[in-house]
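# Analysis of the macromolecular model
Chain by chain, the residues run as shown.
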Amino acid sequence: YVNCELTELVFFVRQNHIILLAEEAQTVEELKEDRLEAIGYLERSAHYVMYQDDGISKDYENPAHYFYLSVRKDGSYQVEGSRKIDLYTTIYLK
C-alpha cells in the first residue's frame, strides 16, 4: 500500500530503466519533444527507444520517426536519430 493524495501520481521505475517526461500538451502539435526530462533508477545505464508520432500519418515503419537514447548514471546521455533534444536528467542511484 502506498499512501498518497488523490492529486498525486505515483509510479515505480525498475532498476536501469528510465521514464521520459515532456511538458503538458493538449495535442501532438503542441508537444515539445525536443525538451524532455528523464527520470531513472540506475545502477549503470539505461536505453530508451522513442517513436515520434506526427499525429497524422501511420508512418511508424519510417526510421526517421525514432530516436535512441542512452543515459548513464552520472546523468550524461547520448542521442541517436534524426532529432536533437535537450534532456534534463534526474537519476536515482542504487
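Residues numbered from 1 in each chain as written. Predicted model: local features only at pLDDT ≥ 70, side-chain atom pairs only at ≥ 80, totals over all residues. Heavy atoms only, no water.

## A few points about the sheet that holds strand β4 (residues 66-72)
Pairing is antiparallel across the open sheet formed by three strands, whose spatial order is β3-β4-β5. Whereas interior strands pair on both sides, the edge strands pair on one side only; in this sheet they are β3 (45-51) and β5 (77-81). The average angle at which neighbouring strand axes cross in this sheet is 15°, direction not considered. When β3 meets β4, the two strands line up antiparallel, connected through seven bridges. Across the sheet, the residue bridging to Val-49 is Tyr-68, located in β4. (Pairing = 2+ DSSP bridges. Helix = DSSP H or I, 4+ residues; strand = E, 2+ residues; numbered from the N terminus. Axes fitted to C-alpha atoms, helices over the stretch in contact; angles between N-to-C directions.)

## A short note on the confidence of the model for the protein chain
Counting all residues, the mean pLDDT for the protein chain is 82, and 89% of those residues have values of 70 or more. Ranking the elements of the protein chain by mean pLDDT puts strand β6 (residues 86-93) last with 64 and β3 first with 88. (pLDDT = per-residue confidence, 0-100.)

## What to know about the pattern of salt bridges
Close approach of charged atoms allows side chains of opposite charge to pair. This structure, assessed with the given rule, holds one salt bridge. Among the salt bridges present, the one from Glu-43 reaches Arg-44, with a minimum N-O distance of 3.9 Å. Using a relative accessible area of 54% as the deciding quantity, one classes Arg-44 as exposed. (Salt bridge = Lys/Arg side-chain N within 4 Å of Asp/Glu carboxyl O. Buried < 20%, exposed > 50% of the residue type's maximum accessible area, 1.4 Å probe, protein only.)

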